Amino acid sequence: MLLPFTSETYSQRRSELLKSVTSGLILLLGNEEVGRNYKANIYEFRQDSTFLYYFGIEQPNLVGILDVEEGTAHLFGNDIGLDDIIWTGQQPSIADLGAKVGVEHTADIAAAGEMLQKAVQQGRSVHYLPPYRLRNAHKLEQWLDVPLELAQSNASIALIKGVVAQRSIKSEAEITEMERAVDITAVIHKALMRKARPNIQEALLAGIAKGTAVGMNGDLAYPPIVTVNGQTLHNHHHHNTLQSGQLVLVDAGAETTSRYAGDITRTFPVDDTFSNQQKEIYNIVLDAETSVIRMLRAGLAYRDMHILAAARIVEGLKGLGLMKGDTNEAVAAGAHALFFPHGLGHHIGLDVHDMEDLGEDYVGYDEHIRRSKQFGTAYLRLGKQLQAGNVITVEPGIYFIPELIDRWQSEGKFTNFINYNALDAYRDFSGIRIEDNVLITENSSRVLGDPIPKTVAEVEALRSA
Ligand code: GLY
Ligand code: MN
């Protein structure tokens, strides 16, 4: 088993985490295998990302415990027997695995339960993170007597905040891994841009995305969006046949063997070139994306970048006669959300939406910047001030969603900002999103990974090559 980081790195991360709580135990649960349709036919195993960050080991049925008073780290798991060796081959012992990540104290799983139950009897706190898998919620019930329905809400806020503070700032070594994730992602996107043409299926493109990622020793970090219906934001169907005149929206990102994610979106024509109407909308989205990236640096509130992107979109749509009125007033009222109904971006790292299992608001907001309740901006996952070492996505889009247009029009919503009659010519347009992954530095930012065609000229050059 190759680990992406040194054993000292994992030890240092755990030492830092110990400072996030004042006393007791910190419990970090690894994941188990999950059956697809019966126990032995499993979904591909994916370790919990926080467990990976602190213990590094990609293997099912492991438990990590830190003792805050003693400053010790413990790794629990069962060594395999001959029966398992016949099916899986010889595997390192738990003691060997512990040594690779700087953990001295190792024991079998039953000992984890005993250590936790003893701590509870002694009145010590046991800090744990909100479980997103039922099996881990069951373990909390079994070992800590936490009722299933309270497993989320009883999680330790101090521990959540400690993990978020650490994982939000990527080290040089992590950035190298993330760069690799985007490099693989770039190969995927360029392959799809080359392959697309009338009469082939979305499914073929989705298959090439998956196959390219796996073929480069990675995988996809999330179900890919490969669609001629980009107006449906999380469209995971791949059943359409590409037709001349359509746009293809590809939102796909690779996951490295170390499990760092890329999350990139490009939109390109099925034909070799964009139509004029497509080009006009594309350039507005591109302007929003690049305007934000040019501004990015530590200290800026990402909520303000979302507002900037919305304002660039309103300006552009006003130029086409689709919107009207004062740009800032339109954005403040939320009128842009007819076209841009999602957030500008999110943290990315070991998870494509990094640390979302710990609670979106702990990751993206704080006591200074609270989540908006306004339609559209409410979906913004990251509003707080950026810090050097954050890696985030920038992903504005413009979509023509007939159901939303009809609803707003029938309600007479924002008629002072939206020219509904002009939208008739866009009902079948679909949508455009452009997304990059960006490292925040003290005074600037850096788009990660190999370049992927992004301007109209670059996309058309690759399409017709
Ligand atoms: N890549 C999908 C998303 O960011 O929601
Ligand atoms: Mn994204």
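This text follows the structure it describes.
Owing to the predicted nature of the structure, the values given are computational and were not obtained by experimental measurement.

Caption draft 1: Structural detail: the overall build of the chain. Assigned secondary structure in the chain consists of 15 helices and 17 strands. For the chain, whose C-alpha radius of gyration is 24 Å, the value lies close to the compact-globule estimate of 23 Å for 465 residues. If one aligns the C-alpha atoms of the chain with their principal axes, the spans along those axes are about 70 × 50 × 40 Å. Out of the 465 residues belonging to the chain, those deemed buried represent 54%. Across the chain, contacts joining residues at least 24 apart in sequence account for 73% of those joining residues at least 6 apart. When the accessible surface of the chain is totalled, it reaches about 20,100 Å², and 50% of it is carbon and sulfur.

Caption draft 2: Examining the coordination of the manganese ion (ligand 2) more closely. Donor atoms from the polypeptide that bind the manganese ion (ligand 2) are Asp 263 (OD), His 346 (NE2), Glu 395 (OE) and Glu 435 (OE), placed at 2.1 to 2.3 Å. Residue classification places Glu 395 among the buried positions, given a relative accessible area of 9%.

Caption draft 3: A look at a negative patch on the surface. Judged by side-chain charge, Asp 79, Asp 96, Asp 108 and Glu 114 come together as a negatively charged surface patch. Mapped onto the fold, Glu 114 is located in helix H5 (residues 109-121).

Caption draft 4: The arrangement of the sheet that holds strand E10 (residues 247-252) in detail. Pairing is antiparallel in the open sheet, where three strands are placed in the order E9-E10-E12. With one partner strand each, in any of the chains shown, strand E9 (225-227) and strand E12 (264-269) form the two edges of the open sheet. Averaged over all adjacent pairs, the angle separating strand axes in this sheet is 10 degrees, with direction ignored. Two elements, E10 and E12, share six bridges in a ladder whose sense is antiparallel. In the strand pairing of E12, Val 248 is matched with Phe 268. Helix H8 (residues 172-195) rests against E10 and E12 of the sheet, and its axis sits at about 15 degrees to E12.

Caption draft 5: Geometry of the side chain of His 306. As for its placement among the helices and strands, His 306 is situated in helix H11 (residues 302-319). For His 306, a relative accessible area of 0% puts it in the buried group. Non-local contacts of His 306, meaning those with residues more than four positions away in its chain, are made with His 336, Phe 340, His 342, Gly 343, Leu 344, Thr 377 and Leu 380.

Caption draft 6: Examining the layout of surface pockets more closely. Each pocket or cavity is described by its volume, and for the largest pocket that value is around 1,300 Å³. Contributions of two or more residues to the lining of the largest pocket are made by helix H2 (49-55) and strand E8 (219-220). Here the residues of the lining of the largest pocket sort into 16 nonpolar, eleven polar and 22 charged. Space inside the second largest pocket adds up to approximately 1,000 Å³. Contributing elements (two or more residues each) for the lining of the second largest pocket: helix H3 (82-88) and helix H6 (134-144). Here the element with the most residues in the lining of the second largest pocket is H6; it accounts for six residues. Within the lining of the second largest pocket, the residues separate by chemical class into twelve nonpolar, nine polar and eight charged.

Conventions and cut-offs
Residues numbered from 1 in each chain as written. Chains lettered and ligands numbered in written order. Predicted model: local features only at pLDDT ≥ 70, side-chain atom pairs only at ≥ 80, totals over all residues. Heavy atoms only, no water. Helix = DSSP H or I, 4+ residues; strand = E, 2+ residues; numbered from the N terminus. Rg over C-alpha atoms; globule rule 2.2 N^0.38 Å. Buried < 20%, exposed > 50% of the residue type's maximum accessible area, 1.4 Å probe, protein only. Contact = heavy atoms within 4.5 Å. Areas by Shrake-Rupley, 256 points an atom, 1.4 Å probe, with all protein chains shown as cover. Donors = N, O, S within 2.8 Å, 3.2 Å for Na, K, Ca; no water. Patch = residues over 30% accessible without salt bridge, like charges linked within 9 Å, V, L, I, M, F, W, Y side chains within 5 Å. Salt bridge = Lys/Arg side-chain N within 4 Å of Asp/Glu carboxyl O. Lys, Arg positive; Asp, Glu negative; His and termini not counted. Charge placed at Lys NZ, Arg CZ, Asp CG, Glu CD. Pairing = 2+ DSSP bridges. Axes fitted to C-alpha atoms, helices over the stretch in contact; angles between N-to-C directions. 1 Å grid on protein atoms, 1.4 Å probe; cavity = no way out; pocket = protein on both sides within 12 Å on 5 of 7 lines; lining within 4 Å. Points joined across faces, edges and corners; volume = space filled by probe spheres on them. Nonpolar A, V, L, I, M, F, W, Y, C, P; charged D, E, K, R; others polar.

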